[in-house]
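# Structure assessment
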Amino acid sequence: MGRKCEVSTCANNEVKRNGASFIKFPRNPTVAIRWVQFCDSEELLADYEEHGDEVLANRKICSAHFADEDFRIRGRPDRGLRFGVVPRIVGTSWSGPPLVVQDQGYDLTFLNSKLWKTLMQRQTQV
């Protein structure tokens, strides 16, 4: 099985990467759970709750879900993320511009599918 982004709304993978690189889940459990919640995957959340950090060992999120300033060197995903950064950009696999959830005042503690659809509708109306 090839690499794929764990974010439920993202289609980036090893073949269709759209210029994205893939970043491992953090080891810090406080940050890792926020990454899991951002992915909006019930399966990933259930696996994480049942098995803990071991399920994250081979999973990744693509760099498209992070802002340029989230990287150690601005805009250089190959140089790694700053400590404690949480993904915040959704909507990278659809035709519109990326939707930055944090900058619009939404709580990132859990981005569920219903909220995602609402955000998508609002973005396309603008």
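Anything mentioned here points back to the structure above.
These remarks concern the structure in this document. Owing to the predicted nature of the structure, the values given are computational and were not obtained by experimental measurement. (Residues numbered from 1 in each chain as written. Predicted model: local features only at pLDDT ≥ 70, side-chain atom pairs only at ≥ 80, totals over all residues. Heavy atoms only, no water.)

### With respect to the overall build of the chain
A count of helices and strands for the chain gives 3 helices and 4 strands. Listing the helices and strands of the chain from first to last along the sequence gives β-α-α-β-β-β-α. Counting across all 126 residues of the chain, residues that qualify as buried make up 40%. Sequence separation of at least 24 residues holds for 49% of the intrachain contacts in the chain that already meet a minimum separation of 6. Of the roughly 7600 Å² of accessible surface on the chain, a fraction of 47% belongs to carbon and sulfur atoms. (Helix = DSSP H or I, 4+ residues; strand = E, 2+ residues; numbered from the N terminus. Buried < 20%, exposed > 50% of the residue type's maximum accessible area, 1.4 Å probe, protein only. Contact = heavy atoms within 4.5 Å. Areas by Shrake-Rupley, 256 points an atom, 1.4 Å probe, with all protein chains shown as cover.)

### Comments concerning the pattern of salt bridges
Taken as a whole and judged by the stated rule, the model has 7 salt bridges. Taking the shortest distance from any N to any O, the salt bridge between Arg-59 and Asp-47 comes out at 3.4 Å. Placement of the pair is Arg-59 in the loop between α2 (42-51) and β2 (60-62) and Asp-47 in helix α2, with a sequence separation of 12 residues. Assessed through its relative accessible area of 22%, Asp-47 is described here as partly exposed. As a salt-bridge pair, Glu-69 and Arg-88 come within 2.8 Å of each other at their nearest N and O atoms. Placement of the pair is Glu-69 in the loop between β2 and β3 (89-90) and Arg-88 in the loop between β2 and β3, with a sequence separation of 19 residues. Its relative accessible area of 7% is what places Arg-88 among the buried residues. A single network of salt bridges, built from pairs that share partners, joins Glu-69, Asp-70, Arg-74, Arg-82 and Arg-88. (Salt bridge = Lys/Arg side-chain N within 4 Å of Asp/Glu carboxyl O.)

### Structural notes on the nonpolar core
By size, the foremost hydrophobic cluster in this structure holds 26 residues, and its most contacted members are Phe-25, Trp-35, Leu-56, Ile-61 and Phe-66. Listed by contribution, the elements that provide at least two residues to this core are β1 (22-24), α1 (29-39), α2 and β2. No other element matches α1, which puts 6 residues into this core. With near-sequence residues (within four places) excluded, Ile-61 lies in contact with Cys-5, Glu-6, Val-7, Ser-21, Phe-22, Ile-23, Phe-25, Trp-35, Cys-39, Phe-66 and Pro-87. (Core = buried A, V, L, I, M, F, W, Y, C linked by side-chain atoms within 4.5 Å.)

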